[in-house]
Amino acid sequence: MSHDRDSLTLVWFRDDLRVEDHEALTAACGDGQVIGLWIRECRSDDGLGPRPLGGAARWWAHESLRVLETELAQLGIPLLFAAGSAADIVPQAAADLKVDAVRWSRRYAPAARRLDAQIKTDLADAGRAVHSHTGALLVEPWTVSPQGGDFYKVFTPFFNAVRDRSVGDSLPAPRTQSSPTKAQRQAFAGHSWVRDLDDLGLLDGTDTGSGSFASARTPQWWRTTVAGHWNPGCREAAGELACLSDGLDGYADSHDVPADPDSTSGLSPRLRFGELSPRQLLAAALDIPEVRDDDRQAWIRQLYWREFSWHLTYHLPAVESEPMRPEFASFPYEDDPEALDHWCSGTTGIDLVDAGMAQLWQTGWMHNRVRMATASFLTKNLLIHWWHGEQWFWDTLVDADEANNPVSWQWVAGCGADAAPYFRIFNPERQCERFDPDREYVGRWLGRGPGDLTQAERSGGDDEPIVDLRTSRQAALAAYDRMKNESAGSNW
Ligand SMILES: Cc1cc2nc3c(=O)[nH]c(=O)nc-3n(C[C@H](O)[C@H](O)[C@H](O)COP(=O)(O)OP(=O)(O)OC[C@H]3O[C@@H](n4cnc5c(N)ncnc54)[C@H](O)[C@@H]3O)c2cc1C
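Residues numbered from 1 in each chain as written. Predicted model: local features only at pLDDT ≥ 70, side-chain atom pairs only at ≥ 80, totals over all residues. Heavy atoms only, no water.

Regarding the packing of aromatic side chains
Now for step 1: Enumeration according to the criterion identifies 22 aromatic pairs in this entry.
Now for step 2: Their ring planes at 45° and their centres at 5.3 Å tell us that Phe-158 and Phe-308 sit as a pair that is tilted. Taken together, the residues span a long stretch of sequence, with Phe-158 in helix α5 (residues 155-162) and Phe-308 in helix α13 (residues 293-315) at a distance of 150 residues.
Now for step 3: By relative accessible area, Phe-158 is classed as buried at 1%.
Now for step 4: Given the relative accessible area of 0%, Phe-308 is considered buried. (Phe/Tyr/Trp six-rings, centres within 6.5 Å; stacked < 30°, edge-to-face > 60°. Helix = DSSP H or I, 4+ residues; strand = E, 2+ residues; numbered from the N terminus. Buried < 20%, exposed > 50% of the residue type's maximum accessible area, 1.4 Å probe, protein only.)

So, in structure tokens, the structure goes:
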């Protein structure tokens, strides 16, 4: 259906690569004609903008954008691509395309918010209407605070404060518009900032050639290997949402079983890139009749863990680089590139850790229970700074998320939002016995069959552990004591 009014709106897509339940897109279509824009952004020298995508996420974004382009085209909406500084490109695009308004879904990391505020001012100064919309979160972070405090620092009170809030109904895809004419398309392509998706460099990348596994990050890897495990794009995401009952069935009891591919939903990259909105997920979970209520509630609680990560990220200046507990700034981490390389390449000799790192490298994803065990091993048994692990995950996870990744790393490292921080040191052998008793998961990812010798039964050989779990645990606790004695304590 074509629209009568003349109004033209630019919808700037970011981490919201969908057409359903998209408030900015729906509002824009209600006003008149729409043009979409996606920018491969770089961070400015003064640190404004989103964190540059890691290798696996770049591959995902590229594929997902291809699908979004097709979905939008079916609605009569062109999607234009650009690369560079959004502070330059968005005002330029708005002027060149002569749009009346610009709309986008909000983002919440401080450096991206500051950039968006600057762009909003520039557009308004140029006489354009600018509207930001909700869409990435169920709860806007500034709408929730504890009595007498600025923001929640512990999950359970946060969850109790927001769990019963209404989030409204999901929106259908907007109605079809009249497609741009050939002449209009040619005019779009003529602007200096417009690129083809394939020219954004999302699949480019260079091997640093330094010889270490951790630095040899080749994005082509993701294209050839990880691609076999995923089908990015909002169309496929909608199909997965329809099968959500598989992931929810038995969730309360079995979500910690890494060998079972249905023990969790596997929807994290869909949320990361906004192929599905959290509101769609919540509505779907509440709607599945055949799922037991404790499974449903346990899963919904996890959705709110994601909200909590963003709540913290919104309120903290630099969650990716600064410990939430300030005393950890002086934690005596060790500089051990060789051990880091063993960890990245999954050659630590600790089965669960190596299996997890193999799953990550081969699929761009790792089960949550194993993420916790591998992260604990790096930061506590190897005493390597959580930054290094966070960065490796950032580069290798298809769901690498600006909030969930650093907040989870800080949680495991003991410097984050956890009521019982440092003393929880996951023993990866005990974790394996408990959550993978038949060794199905480690067998799958280490290329050994279930029933092979357990870690304890093996001795010597190439896969001798690089560190003794018991003595390294004691060393970690001693390092913690040293830090505590040196710091005066914190008010976090
Ligand atoms: C060291 C470490 C790093 C992590 N990095 C990321 C990351 O970069 N991106 C990311 O999305 N998650 C991250 N997580 C959280 C969690 O591991 C993943 O969200 C989860 O494994 C995704 O699988 P799923 O979609 O099947 O989850 P499900 O169990 O089906 O849960 C549904 C959704 O809830 C959210 N969720 C589930 N568990 C958590 C959690 N512990 N914390 C926050 N949100 C959660 C996710 O959005 C997930 O898609 C990390 C966890 C750890 C311990």
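Comments concerning helix α1 (residues 23-31)
Owing to its 3.6 residues per turn, the α-helix aligns residues three or four sequence positions apart on the same side.
Now for step 1: Every buried residue belonging to α1 is among Ala-24, Leu-25, Ala-28 and Cys-29, and all of these are buried. Buried positions in α1, seen along its axis, are confined to an arc of 130° and lie on one side of it.
Now for step 2: Those residues of α1 hidden inside the fold are in contact with β1 (8-13), β2 (33-41), α2 (55-74), β4 (101-105) and β5 (129-133).
Now for step 3: At the C-terminal side of α1, Gly-32 shows a positive phi close to 155°. (Arc of directions from axis to C-beta. Contact = heavy atoms within 4.5 Å.)

Re the UniProt feature "domain: Photolyase/cryptochrome alpha/beta" (unreviewed entry) in the chain
Now for step 1: As recorded in UniProt, the feature "domain: Photolyase/cryptochrome alpha/beta" (unreviewed entry) lies at residues 7-138.
Now for step 2: For residues 7-138, helix accounts for 42% and strand for 23%, while the C-alpha atoms at its two ends are 30 Å apart. (UniProt positions renumbered as here; feature names shortened; annotations may be inferred.)

What about the pattern of salt bridges?
Now for step 1: For the coordinates displayed, the defined rule picks out 27 salt bridges.
Now for step 2: A salt bridge links Asp-15 to Arg-272; its shortest N-O distance comes to 3.1 Å. With Asp-15 in the loop between β1 and α1 and Arg-272 in helix α11 (residues 268-272), the pair connects residues that are 257 residues apart, well separated along the chain.
Now for step 3: A salt bridge links Arg-66 to Glu-69; the nearest nitrogen and oxygen atoms lie 3.2 Å apart. Here Arg-66 and its partner Glu-69 are both found in helix α2, 3 residues apart, which amounts to about one turn of the helix.
Now for step 4: Residue Arg-66 is classed as partly exposed on the basis of its relative accessible area, which comes to 34%. (Salt bridge = Lys/Arg side-chain N within 4 Å of Asp/Glu carboxyl O.)

Points about the nonpolar core
Now for step 1: Core analysis: the largest hydrophobic core is formed by 81 residues, its most contacted members being Phe-13, Leu-25, Phe-331, Trp-343, Phe-393 and Tyr-441.
Now for step 2: The element best represented in this core is α2, accounting for 8 residues.
Now for step 3: When residues of this core are assigned to domains, at least three map to each of domain 1 (1-135) and domain 3 (326-485).
Now for step 4: Among the nonpolar cores identified, the runner-up in size contains 35 residues, and Ala-237, Leu-244, Leu-303 and Leu-312 belong to it. (Core = buried A, V, L, I, M, F, W, Y, C linked by side-chain atoms within 4.5 Å. Domains from an automatic or database assignment.)

Overview of the sheet that holds β1
Now for step 1: Within the open sheet, the 5 strands sit side by side as β3-β2-β1-β4-β5. Their pairing is parallel. Because the sheet does not close on itself, it has two edges, and the strands there are β3 (79-84) and β5. Pairwise comparison of adjacent strand axes, ignoring direction, gives a mean angle of 25° for this sheet.
Now for step 2: Pairing between β1 and β2: 6 bridges, direction parallel. When the sheet's bridge partners are listed, Val-11 is paired in β2 with Gly-36. (Pairing = 2+ DSSP bridges. Axes fitted to C-alpha atoms, helices over the stretch in contact; angles between N-to-C directions.)

A few points about the state of the cysteines
Now for step 1: Within this structure, the stated rule accounts for 0 disulfides.
Now for step 2: Cys-29 takes part in no disulfide bond, and the closest cysteine sulfur, belonging to Cys-234, lies 14 Å away.
Now for step 3: Residue class for Cys-29 comes out buried when judged on its relative accessible area of 9%.
Now for step 4: Cys-234 provides the cysteine sulfur closest to Cys-243, a residue in no disulfide bond, and the two sulfurs are 16 Å apart.
Now for step 5: Overall, Cys-243 belongs to the partly exposed group, its relative accessible area being 42%. (Disulfide = S-S within 2.5 Å.)

Some details on a negative patch on the surface
Now for step 1: A cluster of acidic residues, Asp-246, Asp-249, Asp-260, Asp-262 and Glu-290, forms a negative patch at the surface.
Now for step 2: Examined against the element boundaries, Asp-249 turns out to sit in the loop between α9 (244-248) and α10 (251-254). (Patch = residues over 30% accessible without salt bridge, like charges linked within 9 Å, V, L, I, M, F, W, Y side chains within 5 Å. Areas by Shrake-Rupley, 256 points an atom, 1.4 Å probe, with all protein chains shown as cover. Lys, Arg positive; Asp, Glu negative; His and termini not counted. Charge placed at Lys NZ, Arg CZ, Asp CG, Glu CD.)

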